[in-house]
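Fold and geometry: a report
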Amino acid sequence: MKVKHGLVLLCSVLCLMAFCPPVLAHNLWLNPANYYPEVGSTVDIGIGWGHKYPAGRVDQEVTEDRVAEIIAVDPEGVTVNLAKVSAALYQLKVEKAGAYLITARTKSGFFTMTPEGRKWGDKKSIPNAVKCTNFHLVAKTAIIAGNDAKNLSHPAGQPLEVIPLTPLQDLKAGSKLGVKVLFEGKELADMDVKATYAGFETEDVAPHGSPKKDHAEKGQPEKGHTHGHAKHFPAETVTGDQGQAEISLEKAGYWMIVLSHKPPYPDKEICDESMYNTSFTFEVR
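Report on the accompanying structure. (Residues numbered from 1 in each chain as written. Predicted model: local features only at pLDDT ≥ 70, side-chain atom pairs only at ≥ 80, totals over all residues. Heavy atoms only, no water.)

Remarks on the overall build of the protein chain
Helices and strands together make up the secondary structure of the protein chain, namely 2 helices and 20 strands. Here the protein chain, with 285 residues, has 44% of them falling under the buried criterion. On the protein chain, roughly 14700 Å² of surface is accessible, and the fraction owed to carbon and sulfur atoms is 52%. (Helix = DSSP H or I, 4+ residues; strand = E, 2+ residues; numbered from the N terminus. Buried < 20%, exposed > 50% of the residue type's maximum accessible area, 1.4 Å probe, protein only. Areas by Shrake-Rupley, 256 points an atom, 1.4 Å probe, with all protein chains shown as cover.)

Description of the nonpolar core
Ranked by size, the top nonpolar core spans 38 residues in total, and within it Leu168, Ile257 and Phe282 carry the most contacts. Examining the composition of this core, we find that 5 residues originate from one element, strand S19 (residues 253–261), more than from any other. In contact with Ile257, not counting residues within four places along its chain, are Val162, Leu177, Val179, Val193, Lys194, Ala195, Ile247, Thr278, Ser279, Phe280 and Phe282. Counting 25 residues, the second largest nonpolar core, distinct from the first, contains Ala88, Ile102, Phe135 and Ala139. (Core = buried A, V, L, I, M, F, W, Y, C linked by side-chain atoms within 4.5 Å. Contact = heavy atoms within 4.5 Å.)

Focus: the sheet that holds strand S1 (residues 27–32)
Taking strand neighbours across the sheet as the criterion, the 4 strands line up as S1-S2-S6-S5 in an open arrangement whose pairing is antiparallel. Of all strands in the sheet, those bounded by a partner on one side alone are S1 and strand S5 (83–86). Direction aside, neighbouring strands of the sheet carry axes that sit 25° apart on average. Where S5 lies against strand S6 (residues 89–93), 3 bridges are found, and the strand directions are antiparallel. Across the sheet, Ala83 pairs through a bridge with Gln91, a residue of S6. (Pairing = 2+ DSSP bridges. Axes fitted to C-alpha atoms, helices over the stretch in contact; angles between N-to-C directions.)

Here's the deal with the state of the cysteines
The tally for this structure, following the rule as stated, stands at 1 disulfide. Shown here is the disulfide that connects Cys132 with Cys271, its sulfur atoms set 2.2 Å apart. Because the torsion about its S-S bond is -95°, the bridge between Cys132 and Cys271 counts as left-handed. Of the two residues, Cys132 is situated in strand S10 (residues 131–145) and Cys271 in the loop between S19 and strand S20 (273–284); the sequence distance between them amounts to 139 residues. Classification of Cys271 by relative accessible area gives buried; the value is 0%. (Disulfide = S-S within 2.5 Å.)

Points about the pairing of strand S3 (residues 67–73)
The pairing of S3 with strand S7 (residues 98–106) spans 6 bridges and is classified as antiparallel. If you follow Ile70 over to S7, its bridge partner there is Ala104. Here 2 bridges tie S3 to strand S4 (residues 79–80), and the two strands are oriented antiparallel to one another. Within S4, the position partnered with Ala72 by the bridge is Val80.

Details of the pattern of salt bridges
Under the counting rule described, the total for this entry stands at 7 salt bridges. One salt bridge in this structure joins Lys96 and Asp74, with 2.6 Å as the shortest N-O distance. Remark: Asp74 occurs in the loop between S3 and S4 and Lys96 occurs in the loop between S6 and S7; sequence separation between them is 22 residues. For the salt bridge of Glu161 with Lys140, the shortest nitrogen-to-oxygen distance reads 2.8 Å. Of this pair, Glu161 sits in strand S11 (residues 160–164) while Lys140 sits in strand S10, and the two are 21 residues apart along the sequence. Across the pair, exposure class does not vary: Glu161 and Lys140 are buried alike. (Salt bridge = Lys/Arg side-chain N within 4 Å of Asp/Glu carboxyl O.)

Let's talk about the environment of Lys262
Position of Lys262 among the secondary structure elements: in the loop between S19 and S20. With 128 residues separating them along the chain, Lys262 and Asn134 place their C-alpha atoms 9.3 Å apart.

Notes on the environment of Lys140
Residue class for Lys140 comes out buried when judged on its relative accessible area of 0%. Along the chain, Lys140 and Ala104 lie 36 residues apart, while their C-alpha atoms are 6.5 Å from each other.

So this is what it looks like as structure tokens:
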């Protein structure tokens, strides 16, 4: 009976790991108060944290001990200081025209799934380990000062990074944003690129993209289908051989691109996989 009970718990854990959608994972993101400031101004940089990107652009309050680093690089490639106001708010003095790249990261660590649930630690420290993940959460944004995109497409050195290839100040509703994805400095092909805008609500969408409610309102089920699937992101694409992709931006507002890459962990006795989650936030005017 003990063996059977253990198998049931194990199957439950594996099913949970397989079917929990990635949108439920915590994300880190950056919220500039002004994406397109004038030279000489000071810009508030908020830190967002949580499961979704709400209209207020803050889901949960980030804690003092969670953020390991937040830095800015000016249009000349020089690292500049951010003034700390609180754990979730910093300020940047804009002194040059061009793109300021701001990045942040949380403290990395390990979590391990067990028949009893998720526990913090690697496989060597957690009994009855089923699967271990070494997580890294990073965020990036770009501020375009003086309507000048100089330095925008320069890498900021994140392990998993979104590089915008289109001048952000030119984006409008209906535009396409070209991006390049790098992992450890190299172009990453076949990478899922997902984007959402602040306030987007998950829809229940039929398999061919039409909302199920449309069929319900007409009183007619969709032919050949009985179930829909949740649409967690309004824009999704995949990078090509050169790590590049285009994202369709259907409306004006604040947008966030999210990526998640899970390569094998180097030492299987310690952990099974690494997980790199990154975000890139920008504004479509």
